[in-house]
Amino acid sequence: AQSVTQPDIHITVSEGASLELRCNYSYGATPYLFWYVQSPGQGLQLLLKYFSGDTLVQGIKGFEAEFKRSQSSFNLRKPSVHWSDAAEYFCAATYQAGTALIFGKGTTLSVSS
Amino acid sequence: DVKVTQSSRYLVKRTGEKVFLECVQDMDHENMFWYRQDPGLGLRLIYFSYDVKMKEKGDIPEGYSVSREKKERFSLILESASTNQTSMYLCASSSGEAPQHFGDGTRLSIL
């Protein structure tokens, strides 16, 4: 069955430190991949997406993600975390563009000062 | 910007009630989705629709139904609310290959 796995439930990072959130997918072929962020009490905001082409994808708020086919991974990175980045992050995938997404269970990011 | 509006941010209902959650999008999107979000479980798909009057079951449709009479509106219906339907409900819409845009969610409590 198709699935998306986020191995880390909760991560704490010091402000100014780098961040990497992990995402692995299990699909028969390369899916369309997304990262969303959710601030407390809010809906989901799209950070970035990967459809094809360049495997390093730039998103909003200084985030980037790298697609690695050999590892079935799509990890999210940010070189320097700000306190406002504290939120829940979801990786999602779909086999066909425009169709329903399969989400990972999310990673909660805390930022310490 | 795409706007997906969910009619209520917070809702409290009683068990056995029929509950309607409304979602409206303003960008003429064909595709609309309802998810529920629970701690530790992420988002799970309840129902989706790719066109007016069309609906498809998602992964957890039991206890829910939907209605899409107009392109911009997608309603989620809890036929007889139960306490295990207490959750955050998120509506999303999309068009073509574009990513889904989400509403702010409705936090529903069933007492």
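Note that the structure is predicted; figures quoted are calculated from it, not measured.

Caption draft 1: Expanded view of the overall build of chain A. Across its full length, chain A carries zero helices and 12 strands. When the elements of chain A are put in sequence order from the N terminus, they spell out β-β-β-β-β-β-β-β-β-β-β-β. In terms of C-alpha radius of gyration, chain A reaches 13 Å, essentially the compact-globule figure of 13 Å for 113 residues. For chain A, the spread of C-alpha atoms along the three principal axes comes to 40 × 30 × 20 Å.

Caption draft 2: Spatial organisation of the side chain of A:Asp85. Residues and elements named next belong to chain A. Mapped onto the elements, aspartate 85 comes out in the loop between strand 9 (73–78) and strand 10 (87–94). A polar atom in the side chain of aspartate 85 sits 2.8 Å from the side chain of lysine 78. With sequence-adjacent residues up to four places away left out, aspartate 85 is seen in contact with Phe63, Lys78, Ser80, Leu109 and Val111.

Caption draft 3: Focus on unusual backbone geometry. Positive phi outside glycine occurs at A:Ser72, with the angle close to 50 degrees. By secondary structure assignment, the location of A:Ser72 is in the loop between strand 8 (64–68) and strand 9. Unusually for a residue other than glycine, B:Asp28 sits at a positive phi of about 60 degrees. Within the secondary structure, B:Asp28 is located in the loop between strand 4 (23–25) and strand 5 (31–38).

Caption draft 4: Region of interest: the interface of chain A and chain B. Tallying the contact residues gives 21 residues for chain A and 21 residues for chain B. Between chain A and chain B, the buried area comes to about 1,600 Å², and carbon and sulfur atoms account for 55% of it. Summed over the shared surface of chain A and chain B, the number is zero salt bridges. Elements that contribute at least two residues to the side of chain A that touches chain B include exactly strand 5 (32–38), strand 6 (44–50) and strand 10 of chain A. For the side of chain A that touches chain B, the element with the highest residue contribution is strand 5 of chain A, accounting for four residues.

What counts, and where the lines are drawn
- Residues numbered from 1 in each chain as written.
- Chains lettered and ligands numbered in written order.
- Predicted model: local features only at pLDDT ≥ 70, side-chain atom pairs only at ≥ 80, totals over all residues.
- Heavy atoms only, no water.
- Helix = DSSP H or I, 4+ residues; strand = E, 2+ residues; numbered from the N terminus.
- Rg over C-alpha atoms; globule rule 2.2 N^0.38 Å.
- Polar contact = N/O pair within 3.5 Å; in protein donor to acceptor, adjacent residues only side chain to side chain.
- Contact = heavy atoms within 4.5 Å.
- Buried area = accessible area lost by both parts, 1.4 Å probe.
- Salt bridge = Lys/Arg side-chain N within 4 Å of Asp/Glu carboxyl O.

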